[in-house]
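What the coordinates show
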Amino acid sequence: MPDPKPTPGGGACGPCGSGEAGAPAACNCDAAPRAADAVGADPTRRQFFGGAVRGAFVFLLGAVTSLVARHSQKERTVWQIDPNKCIACTNCANYCVLTPSAVKCVQHYPMCGYCKLCTGYFEPQPNALTTAAENQVCPTGAIERKALEDPYYEYNIKEELCIGCAKCVVGCVLFGNGSFALQVRHDRCVNCNECAIAVVCPADAFVRVPASQPYLLKNRDHKDEPHAA
Amino acid sequence: MKQSEQHQDLSRRRFLRGAGLLGLGGAVGMVSPRPAPAAAAAKPARATEARPAYDLERFRKTDPALVRYELAGRFDSPYPELKRLCLGPDASLWLTAGKRVVALDLQGGKKTEFTASEEVRCLAAAPDGRLLVGLKERIEVVDAQGRRQARWDAPAKKAWFTSLAAGPADVFASDAGNRAVYRLDWNGKLLGRLGEKDKAAGVSGYVVPSPYFDLEIGSDNLLWVVNPGFHRFQAFTFDGRLQQTWGDPSFAIEGFCGCCNPSYFTRLADGRFVTSEKGLARIKVYSAAGKFESVVAGPEEFPKYFENLNATPIPMDVAADSAGRIYVADTLGNQVRIYRRKESA
């Protein structure tokens, strides 16, 4: 739009800028009704509501798109056992779709007392503190006992032999520091939509956890206070 | 041509109607709640294999002939989290519950109380009535009214005080964090360490798998310390010479079960030992020479201890008065149980 040219002896017609002398009312140009279209001029009510509706639509579209995108990017989850809820009932050994079960005993070494008489390794009243099968709690011999500096011993789980029966977990939790715990091992778990063990778990110990942090280790504070060993 | 247009129009309408219904159905499906998994899936009708259980049943029942004590009374702890107890020289029963320390008379009436700055781990009453209060890394000395008189920091880093013993001139403290027993004077000055590993002297050192590491000064003027990893008592002179040992690991009633027991003990006036174990909750009496004598309370007295594997309670502290009554801090029931010897025993 051309700038209105002021005339020395009178006002210029704003809309058409003809520059003719005299009162603006004398100008018959048809530019006057379109004055509202000019930049900086007030919009009509229709234009205002139209713009508002278009803006709201665009905003909602963006919000919905972002929500959908967020939902689709949600992290994959996997099954895991909360060791603070697990009651070591033996269902994990029996109900998994895999044989042997994808649930295994794991050793949380920072909690272990490295005891000579490990109640997770030995039967409640062993004949001797030796590795003879009749002295061991584990029905499949899946716990390895290694002598360290006297009188300490290290206990390791041989996962290829472990069936997830939790017998050792009972002994360790009841009498020891509770460093043995059952966990779903994700190198073999097929991550069923509905885990057969979770359905029968009497303690509701099966939970979904992010695949990036698939294990739930016990807290040292779990029982009553941190363990000193 | 017209028919074709109509056909096209109808098809489009049908298509849109169908798509609308599909969309509506999808929306309803999205907002409807998911069926509960338990309701959706019945338990698999799958035969389960019999798995061997960790069998403790045979140890949970005590031969009645061995039980020579009976429950003489009980009263609730005034606060939750009852943990430790000891008897003072003025017939006060001191209890700890979280940060609180409470003095009761022997019927359970409250005499005095105070609150420590953090959870109290252990306590001991001195012959002159003063009380030693063990926090995790600090020992506080308070008078009989609970006013703090002194505060001593642990002699070593990563300390975890588990037990205290107070004599007229000496104080002993066990530190599970460093597997050490300290001898201090009443100014908190470290006088020595007792029982550290010394092959030449035949001292094995302490094995402390969990923070239960009790000690007490005996009437024989020896410091008696539980070496829990070995299930053994050790007696030292105050300057650290090993004098006696006794104790064997066993789930049988004569021994100490689990991987670290006894958790707590006290001495009767005649020198006999009263021991408390965790895992199999049992309170027993041994002669001054360490020979098993009788049972105060067996596992069957504390059935709740086996109800939930993950609710295994903390062990029960014990104390004994001059009349031979035994006070047990039942941590699960949050009450003090008092046992006396049966008249027939």
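**Focus on the overall build of chain B**
Counting secondary structure elements, chain B contains two helices and 24 strands. Here chain B holds 345 residues, and 38% of them are scored as buried. Here the contacts in chain B between residues at least 6 apart in sequence split such that 44% fall between residues at least 24 apart.

**Side note on the pairing of strand β6 (residues 122-125) of chain B**
In β6(B), alternate side chains face the same way, and those of Cys122(B) and Ala124(B) on one face and Leu123(B) and Ala125(B) on the other are all buried. The antiparallel pairing of β6(B) with strand β7 (residues 131-134) of chain B creates a hairpin that spans five residues between the two strands, and Gly129(B) there sits at a positive phi of about 95 degrees.

**Focus on the confidence of the model for chain A**
Residues and elements named next belong to chain A. In this model, chain A carries a mean pLDDT of 81, and residues with pLDDT of at least 70 account for 76%. Of the regions scoring below 50 in pLDDT, residues 1-29 engages in 35 contacts with residues more than four places distant in sequence or in other chains. Below pLDDT 50 for its whole length, residues 222-229 participates in 24 contacts with residues either more than four positions away or in separate chains.

**Looking at unusual backbone geometry**
The peptide bond linking Asp150(A) to Pro151(A) adopts the cis configuration, its omega dihedral lying at 5 degrees. The topology assignment puts Pro151(A) in the loop between β3 (143-147) and β4 (153-157). Backbone torsion omega between Asn261(B) and Pro262(B) reads -5 degrees, so that peptide bond is classified as cis. Considering the arrangement of structural elements, one finds Pro262(B) in the loop between β17 (242-246) and β18 (264-267). Of note, Glu81(B) is a non-glycine position whose phi angle comes to about 70 degrees, a positive value. Position of Glu81(B) among the secondary structure elements: in the loop between β1 (69-76) and β2 (82-87).

**Here we look at the sheet that holds strand β23 (residues 326-330) of chain B**
Neighbouring strands of a sheet are bound in pairs by backbone hydrogen bonds; such pairs are parallel or else antiparallel. Residue and element names in this part refer to chain B. Across the sheet, which stays open at both edges, the four strands sit in the order β1-β24-β23-β22 with antiparallel pairing between neighbours. Each edge of the open sheet is held by one strand with a lone partner, namely β1 and β22 (318-320). Strand-to-strand twist in this sheet, taken as the mean axis angle between neighbours without regard to direction, amounts to 25 degrees. The pairing of β23 with strand β24 (residues 335-341) spans five bridges and is classified as antiparallel. Paired with Asp330 across the two strands is Gln335, which belongs to β24.

**Focus: the sheet that holds β18(B)**
All names here are of chain B. Spatially, the four strands line up as an open sheet ordered β18-β19-β20-β21, and their pairing is antiparallel. Since the sheet does not close on itself, it has two edges, and those belong to β18 and β21 (292-297), each with one partner. Taking the axes of each pair of neighbouring strands and ignoring which way they run, one obtains an average angle of 25 degrees across the sheet. Both strand β19 (residues 273-277) and strand β20 (residues 282-286) contribute to a ladder of five bridges, which runs antiparallel. Residue pairing for β20: Val274 is matched across the bridge by Val285.

Cut-offs used in this document
Residues numbered from 1 in each chain as written. Chains lettered and ligands numbered in written order. Predicted model: local features only at pLDDT ≥ 70, side-chain atom pairs only at ≥ 80, totals over all residues. Helix = DSSP H or I, 4+ residues; strand = E, 2+ residues; numbered from the N terminus. Buried ≥ 20, exposed ≤ 12 C-beta atoms within 10 Å, placed from the backbone. Contact = placed C-beta atoms within 7 Å. Pairing = 2+ DSSP bridges. pLDDT = per-residue confidence, 0-100. Axes fitted to C-alpha atoms, helices over the stretch in contact; angles between N-to-C directions.

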